Structure formats: structure tokens, C-alpha cells
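Analysis of the macromolecular model
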Amino acid sequence: MRISVFGLGYVGCVSAACLASRGHEVIGVDVNPVKVEMINRGQAPLVEERIGELTAQVVAEGALRATMDAAEAITATEVSLVCVGTPSAPNGSLSTTYLERVSEQIGTALGERARARDGTKPRRHTVVFRSTMLPGTCTGLLVPILERSSGLVAGIDFGVAVNPEYLREGSSVRDFFDPPKTVIGEYDPASGDVVEALYAGLPGQVFRVPIAVAELSKYADNAFHGLKIAFANELGAISQAFHIDSHRVMDVFLADRKLNISPAYLRPGFAFGGSCLPKDLRGLVYAAQRADVSVPLLANVLPSNEEHLRRAFSLVTASGRRKIGLFGLSFKPGTDDLRESPLVELAERLLGKGYDLRIYDAGVTLSRLIGANREYIESRLPHLGELLTSDADAVLEHAEVCVIGCADDAVLAALERAGDRIIVDLVRLPDAETRRADPGYVGIGW
């Protein structure tokens, strides 16, 4: 393919050289004449493993050149990769100045190219945004600029896609050829086809998703990377205070690929609870404070969890209806452990505000609860016996609002007869995608 790459920083320079090495004809575009001249001399404008040799090779082969003329690049190519910077302001807001400027340049060039064809339709150009941008930026800001400046229609006269990069500085060439995944946010299927063809044959799973999903996926990755580093550093500070080798602690931690380094606990849902996580987090934060060690990340995990519980309560009460059916009570489906269950806390808050509540949980039988588990529930919900039943249909009949904290077969069967009842989904029901179109359905994190 013939490709123009706008912005010759880390992402653009690496993308241009790597795509050229895969047999594409690439034109780099930048407003900085020094970068353009360096590329045309076969020199990379950055220091990075392998990029110098690769740039020299593809320029010598005639597969890569650079220009400051955006219109020339658009006219000569069929795909444009936009790799300009999106710096943040001191308050964290995203600057889209460069994205807007390049979008207007591309749109103007596309419009001029279309008008110059004397009525014949030119080959459809696809604009692919590689820059990191917040959800809604592409369709809410950039597509309108492209359409306004070109006089053309996105998805018909030209294609649009978002293709976030996952390149690490220092190993970006290696990462380009061995990506963990390829994410394509497609405005329409034809646009997605073009982007997927760019990376044909590279390893890693390909995700073709709505544009907003692609935009947010990059932020999810980087937020988690920052979270991991902060977590490890706080554990290091606690370890040092207790004269423990933090690397030996983390060797043990990292060996667990079932829970620790795995997909476990990484699906959005309701708040966590149980007899271990809240207690142990409180204990660790208390120990850090006693040792005069500041751990702001760990100290705010439980407040974050509490905020999710508050969010669920607000979703339940927003309807204004008073009869509530709570499906699920234990902190984890398949157990009868009610200790620090967020569903117990939710039930307590609803009762405290005077809501008419009935509860279903097939695994919880009051007569079988013993020890600390029974003591806990008697202190939080002393009248549980009057509220609890193992009959999901009876809870459904009572409810105007169904709060789904578990999704066993009995609950799913009952929900088939939910009618116009409000559904507040805390677990993501199997048919959540279909239900999202129903105005009476709300998911807590989807």
C-alpha cells in the first residue's frame, strides 16, 4: 500500500520505517524541516534500537521518503496514519491542537483531490489515527473536521479508523514486529479491512472494535502499567520498613499465574468483599502507617471499593421505586460467606432508607450459618430471616427493581418474566449486550 505518516516522532518514525520494511511505499510528513531532511538522508531523527539501520535501509531502497507538504502526501497515498502528539495540560486535559490541525490538512487535501477528478470517483482514502486520544475525540471532533474541510462523508467517501500503538520506547521496533495485540477501532468495516491489511502476518490477536473502545483501550493499558509500578513501589517501601527483601517478596507474588498475573479480578463488576481482602488491606495499610510509610495507592483501595458500593446504591434508588428484589447476598456466588459482603452492605443501606426489600440466595440458609459468619449477619441484618428466601420467583413477584448480585439458573429463569421491572445488573448477565438497549436495564460498569 501507499501510506502517508503524519508526525515523525517516536511513533510516526518507527511506524513509517517498519511499514516501509514490510513492502509498503511510505511518505513521512512533518512540520519540522530538520526531521524531514534527516529522513531523506536516511537518518532516524531519534535514538532507538534498530531504528537507525532500518531507516537507512528503507530510504536507500526508495520505500521511505519525507516531506513537509501534506497535500502532496495525501495525493500520492491511499492511507494516512496520524501519529502527532496529544500532550496534556497541567490539569490533565488532553490537547487536540495537533490532531485538529492535521485533520483539517488531510480533509482539505481529500476535498481538492476529489474535485480535481472531474466527476470520476478517486480511490477511497482511509485516515487512521494512531495518536492517543480520549473516547469520543475521533467521532465527536476529528471526523466532523475531516468532513467539513473536505466536503465529503466519512464511511462513504473516505475511511476512518483508530489504531492505538503499544510501542515501548527503547524496544519500539521489536514491539512493532512482535505486538501483543492489534486494536482496530473501525468507523465502518471497509476501514477496518484496510488497517488489518497493514499488519497482515504479524503475531498477536486482532481486535476489531467500535472506535471508542479502541480509544479507551490505550488508556486502560497505561493506567494499569502505572498502577503496577505504584503497587510494586509501595510494597517495596513497606518491605524496607520491615527489613525484608522486596524482590524476594515479589518473586513469590509473580510466581502465581492463576490469580496474580492473570485475567483474574480484571472484569468490571461490583465491589469486592469477604473475610480476607478488606481485612488484609486494612491490616497492611495500618502496619505501613505504624512504620511511618506513606502508601497512598494501597490506602485508597478500600475507599475506591466503597465508592463502587455507593454507585450501586444510587443506581437502585434512581428509579424512585420502593420495592426491591435483591438476587444474591454472599460475597461470592457458590458460598454462604456473608462476612463483609458488599451485597449485605447494600441491603443494609436500602433497609436503612426504608425500602421494601426481599432477598434471594439459594446458598444462604439462616439455620446453617455458624460462628463468625452468623455473628456478622446478625449484627448487620438482624431480621434477615424475614427477608430471605430460596425462591427466586417470589422475590421477582415482590420487586419493582431487581438488583442482580448473582446469576444462577433460577435467577436467569425468573428474569425471563421480568417484564417492565427495572434491572440493575451488578454481575453482567449473559445477555447484557442485548439488554443494554432496554431503557429499564442498567449495568454498573458497562
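Residues numbered from 1 in each chain as written. Predicted model: local features only at pLDDT ≥ 70, side-chain atom pairs only at ≥ 80, totals over all residues. Heavy atoms only, no water.

As for empty space enclosed by the protein
The full count for this structure, using the stated rule, is one cavity of 30 Å³ or more. Mapped onto the lining of the largest cavity, the elements with two or more residues apiece are helix H7 (172–177) and strand E7 (181–186). Here the lining of the largest cavity takes three residues from E7, the largest share from any one element. Across the lining of the largest cavity, the residue classes break down as eight nonpolar, two polar and four charged. (1 Å grid on protein atoms, 1.4 Å probe; cavity = no way out; pocket = protein on both sides within 12 Å on 5 of 7 lines; lining within 4 Å. Points joined across faces, edges and corners; volume = space filled by probe spheres on them. Helix = DSSP H or I, 4+ residues; strand = E, 2+ residues; numbered from the N terminus. Nonpolar A, V, L, I, M, F, W, Y, C, P; charged D, E, K, R; others polar.)

As for the pattern of salt bridges
Counted according to the given criterion, the structure contains 21 salt bridges. Across the pair Arg-349 and Glu-306 runs a salt bridge whose closest N-O atoms are separated by 2.6 Å. One end of the pair, Arg-349, is in helix H14 (residues 342–352); the other, Glu-306, is in helix H13 (residues 301–317), with 43 residues separating them in the sequence. With a relative accessible area of 23%, Arg-349 lands in the partly exposed category. Among the ionic pairs, Arg-436 bridges to Glu-433, the shortest N-O distance being 3.3 Å. Under the relative-accessibility criterion, Arg-436 is labelled partly exposed at 45%. Sharing partners across several salt bridges, the network here consists of Glu-186, Asp-193, Glu-196 and Arg-208. (Salt bridge = Lys/Arg side-chain N within 4 Å of Asp/Glu carboxyl O. Buried < 20%, exposed > 50% of the residue type's maximum accessible area, 1.4 Å probe, protein only.)

As for the domain arrangement of the protein
In many reports, interface size means the accessible area that the parts give up when they come together. When cut into domains, the protein gives domain 1 (2–213) and domain 2 (304–443). If you average the C-alpha positions of domain 1 and of domain 2, the two centres end up 48 Å apart. (Domains from an automatic or database assignment.)

Structural notes on the layout of surface pockets
As a volume, the second largest pocket reaches approximately 320 Å³. When residues in the lining of the second largest pocket are grouped by element, the largest group, four residues, is from helix H5 (residues 97–115). The residue inventory of the lining of the second largest pocket, partitioned by class, reads nine nonpolar, four polar and three charged.

Re the packing of helix H1 (residues 10–21) against helix H3 (residues 51–60)
Closest axis-to-axis distance for the H1/H3 pair is 9 Å, and the angle between their directions is 55°. As far as their axial angle goes, H3 and H1 are oblique. Crossing of H1 against H3: the hand is left-handed. Touching Cys-13, Val-14, Ala-17, Cys-18, Ala-20 and Ser-21 of H1 are Ile-51, Leu-54, Thr-55 and Val-58, all from H3. (Axes fitted to C-alpha atoms, helices over the stretch in contact; angles between N-to-C directions. Parallel < 35°, antiparallel > 145°, perpendicular 65-115°, else oblique. Left-handed = near helix turned anticlockwise from the far one by under 90°. Contact = heavy atoms within 4.5 Å.)

Digging into the packing of aromatic side chains
Throughout the structure, instances matching the rule amount to four aromatic pairs. The interplanar angle of 45° and the centroid separation of 5.6 Å between the aromatic rings of Phe-231 and Phe-253 together place this pair among those described as tilted. Of this pair, Phe-231 sits in helix H9 (residues 211–241) while Phe-253 sits in helix H10 (residues 246–254); the two residues are 22 residues apart in sequence, bridging distant segments of the chain. The partly exposed category is assigned to Phe-231, whose relative accessible area is 26%. Of the residues examined, Phe-253 reaches a relative accessible area of 27% and is grouped as partly exposed. Between Arg-322 and the ring centre of Tyr-355, over which it is positioned, the NZ or CZ distance is 3.8 Å. (Phe/Tyr/Trp six-rings, centres within 6.5 Å; stacked < 30°, edge-to-face > 60°. Lys NZ or Arg CZ within 6 Å of the ring centre and 35° of its normal.)

A few points about the nonpolar core
Counting 49 residues, the largest nonpolar core has Phe-270, Phe-327, Ile-359 and Leu-426 as its most contacted members. Ranked by residues supplied to this core, first place goes to H14 with five residues. Listed in part, the 36 residues of the second largest apolar core include Val-11, Ala-44, Leu-64 and Val-173. (Core = buried A, V, L, I, M, F, W, Y, C linked by side-chain atoms within 4.5 Å.)

Here's the deal with the sheet that holds strand E4 (residues 79–82)
Overall, mixed pairing links the eight strands, which are arranged E3-E2-E1-E4-E5-E6-E7-E8 in an open sheet. Only two strands of the sheet have a single partner each, and these edge strands are strand E3 (64–67) and strand E8 (205–209). Here the strands of the sheet are splayed against their neighbours by 25° on average, with no regard to which way each runs. With five bridges connecting them, strand E5 (residues 125–129) and strand E6 (residues 158–162) associate as parallel partners. Bridged to Thr-126 within E6 is Gly-159. Those strands touched by H5 are strand E1 (2–6), E4, E5 and E6, and its axis lies near 175° from that of E5. (Pairing = 2+ DSSP bridges.)

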